[in-house]
Amino acid sequence: MNGLYDEIRIAVHSVWNRRWLALGIAWGLCLLGWLVVALIPNTYESQARVFVQMQSILSNKVNIDSRERKKSIERVQETLVSSVNLEKVIRGTDLNLSIASDRELASKVETLRKNIEIKTEKDNLFEITARSSASNFSDAENAKLSREIVQKMIDIFVEENLSGDRGETAETIKFLNSQLTKREKELQDAEQKRAQFEAENLGMLPGIGSVSQRVEAARLELRTIDSQLIQSQSSLAALNGQLAGTPPTISAPVFGGGSGAGASPLAQAQGQLASARAAGKTDAHPDVIAIKRQIAAMRSSSGGTASGSGSRSFTTPNPAYSSLQSMRSEKQASVAALQARKSALQADMAQLSSQQALEPGVQAEYDRINRDYGVLKAQYDKILADREQIKLRDQVESETDSVKFRVIDPPSSPRSPAAPNRPLLLAMVLFAGLGGGIGGAFALGQLQTSYPTANKLEKASGLPVIGSVSQIMTSVQREARKKRMRMFYSGSGALFGVFALLMVVEFIQRGMVA
């Protein structure tokens, strides 16, 4: 422990003996460092926060969801520091005053890009920061310039989001209109080509679809007509049988005398039989069989006419016979129509078969023309629907304010420079100068061979040291030493005084900016 204490005393003594060297080095380093710090321009920083509110009530109805809107805002955020936008900032602020050529403008753009920062604090909250340290501007002008840059960035941010999409929408609608005009012309050409082909091959294209499809459809219809024809012919045969068993006329007795006249039971039974047949009942029907038995019984039991009054009979048309004839005429007409349709279908099938055998490429060409026309029509309808959808979205965005911007914190007016921290740098230079002076004096003491204590001389020489003699000064020397000490203290105090003066000047300049 005593050895360490002795070493510290020796080091302090060495530095103290060379205190003027240490003070000179400290002054030199401090003056140089303070000059460098003074040459560093002040950087003033301004900040602002913008809140973006996205509405989604009506926007979602026209396929404008929040994710799409967020992507649009992120795109604007990424392109906000593009060269075009930064040129707008330079032209709209005092930075434009120091630009004389395009080369200087490009240099200003790159410098400004480094001094602008855009951060996303939350999903809808953006922070815009701008720094200004132009050497040709004063501190007050740089502080004002940083605020102007932030305000201009906010204006561009709002403008890009409000009008950027509208400009893009206008360009998109213009492109779609040109595509619609082009597709419409192609569609008209395709329609004209199809009409011309149909006119040239009118006899070869009697229907819609391919020849095989039309042949198959004709076969299916022919089977249906055959089934209907068989049913109609069966019904006609049944009507002919009923008509053959029905008399054309029936006899009706007429009773003489007085004013009364009535029909006989036989005539009534025959009328019932005719009515039953007119209703469609066959001879096997139980009612018809019963009526026939009743008629036969009446005919076998009647041997004369009724007594007491003379009677005579006459024939009258049978209404059942007339009804059956009418039904038979309808069935005959239906059978004739079905047979005619069958003959026409058979003729069409024969014609289609001959066409298919003679001109197999006509239908293929016609199918190709229809296919091209269908593709063009689908493209035209799709582009038309897209254009109307985009128009609707543009109206929703422009008329309902689907995105609203609100400045939470307006651009701040900096009152003190954000960089550099000049008071701290001045203090660091002072401590670095003092440390450099002490270190220089100590290093010089280590380079020179001297023995400040008897023990160090004894260790270096290996010989015993009998004693040491202290320095003896006269009164004149003591006065001179006191004078030099006063000068040394004055020089040291002056160094700290210059440091204090620089600090005062720094805070005065900050007050002038505020």
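Anyway, here's the lowdown on the structure attached to this text. (Residues numbered from 1 in each chain as written. Predicted model: local features only at pLDDT ≥ 70, side-chain atom pairs only at ≥ 80, totals over all residues. Heavy atoms only, no water.)

## Overview of the overall build of the protein
Helices and strands together make up the secondary structure of the protein, namely 14 helices and 6 strands. Long-range pairs, those at least 24 residues apart, make up 83% of the contacts in the protein with a sequence separation of at least 6. Here the protein displays about 31700 Å² of accessible surface, and carbon together with sulfur accounts for 56% of that area. (Helix = DSSP H or I, 4+ residues; strand = E, 2+ residues; numbered from the N terminus. Contact = heavy atoms within 4.5 Å. Areas by Shrake-Rupley, 256 points an atom, 1.4 Å probe, with all protein chains shown as cover.)

## Remarks on the packing of helix α4 (residues 83–91) against helix α5 (residues 102–114)
For the pair α4 and α5, interaxial distance at closest approach is 10 Å and the crossing angle is 100°. The angle between α4 and α5 places the two elements in the roughly perpendicular class. Mapping the contact onto sequence places Ser83, Leu86, Glu87, Val89, Ile90 and Arg91 in α4 and Leu105, Lys108, Val109, Leu112 and Arg113 in α5. When grouped by side-chain class, the residues that make up the contact of α4 with α5 number 6 nonpolar, 1 polar and 4 charged. (Axes fitted to C-alpha atoms, helices over the stretch in contact; angles between N-to-C directions. Parallel < 35°, antiparallel > 145°, perpendicular 65-115°, else oblique. Nonpolar A, V, L, I, M, F, W, Y, C, P; charged D, E, K, R; others polar.)

## So, the nonpolar core
Counting 26 residues, the largest nonpolar core has Ile90, Leu95, Leu112, Ile116, Ile149 and Met153 as its most contacted members. Sort the elements by how many residues they give to this core and helix α6 (residues 139–200) lands first, with 7 residues. Once residues within four sequence positions are removed from consideration, Met153 is found in contact with Leu80, Val81, Val89, Ile116, Ile118 and Ile128. In terms of nonpolar packing, the next biggest core, distinct from the first, is built from 11 residues, Ala26, Val37, Val429 and Met503 among them. (Core = buried A, V, L, I, M, F, W, Y, C linked by side-chain atoms within 4.5 Å. Buried < 20%, exposed > 50% of the residue type's maximum accessible area, 1.4 Å probe, protein only.)

## Digging into a positive patch on the surface
On the surface, Arg478, Lys482, Lys483 and Arg486 cluster together into a positively charged patch. Position of Arg478 relative to the elements: it lies in helix α14 (residues 475–513). A residue is classified by how much of its surface remains accessible, and Arg478, at 43% relative accessible area, is partly exposed. (Patch = residues over 30% accessible without salt bridge, like charges linked within 9 Å, V, L, I, M, F, W, Y side chains within 5 Å. Salt bridge = Lys/Arg side-chain N within 4 Å of Asp/Glu carboxyl O. Lys, Arg positive; Asp, Glu negative; His and termini not counted. Charge placed at Lys NZ, Arg CZ, Asp CG, Glu CD.)

## Description of the packing of aromatic side chains
For any pair of aromatic rings, the description rests on two quantities: the centre-to-centre distance and the angle between the ring planes. Applying the stated rule across the entire model yields 4 aromatic pairs. Seen from their ring centres, Trp20 and Phe488 are 5.6 Å apart, and the 75° between their planes marks the pair as edge-to-face. Taken together, the positions of Trp20 in helix α2 (residues 19–39) and Phe488 in helix α14 put the pair 468 residues apart, joining distant regions of the chain. Since its relative accessible area comes to 10%, Phe488 is described here as buried. Through successive ring pairs, a cluster of aromatic residues spans Trp16, Trp20, Phe488 and Tyr489. (Phe/Tyr/Trp six-rings, centres within 6.5 Å; stacked < 30°, edge-to-face > 60°.)

## A closer look at the side chain of Ser14
Along the chain, the position of Ser14 falls in helix α1 (residues 2–17). At a separation of 3.0 Å, a polar atom in the side chain of Ser14 contacts the side chain of Arg18. Look past the residues within four positions of Ser14 in its chain and what remains in contact with it is Ala441 and Gly445. (Polar contact = N/O pair within 3.5 Å; in protein donor to acceptor, adjacent residues only side chain to side chain.)

In short, shape yes, function no, at least from these values alone.
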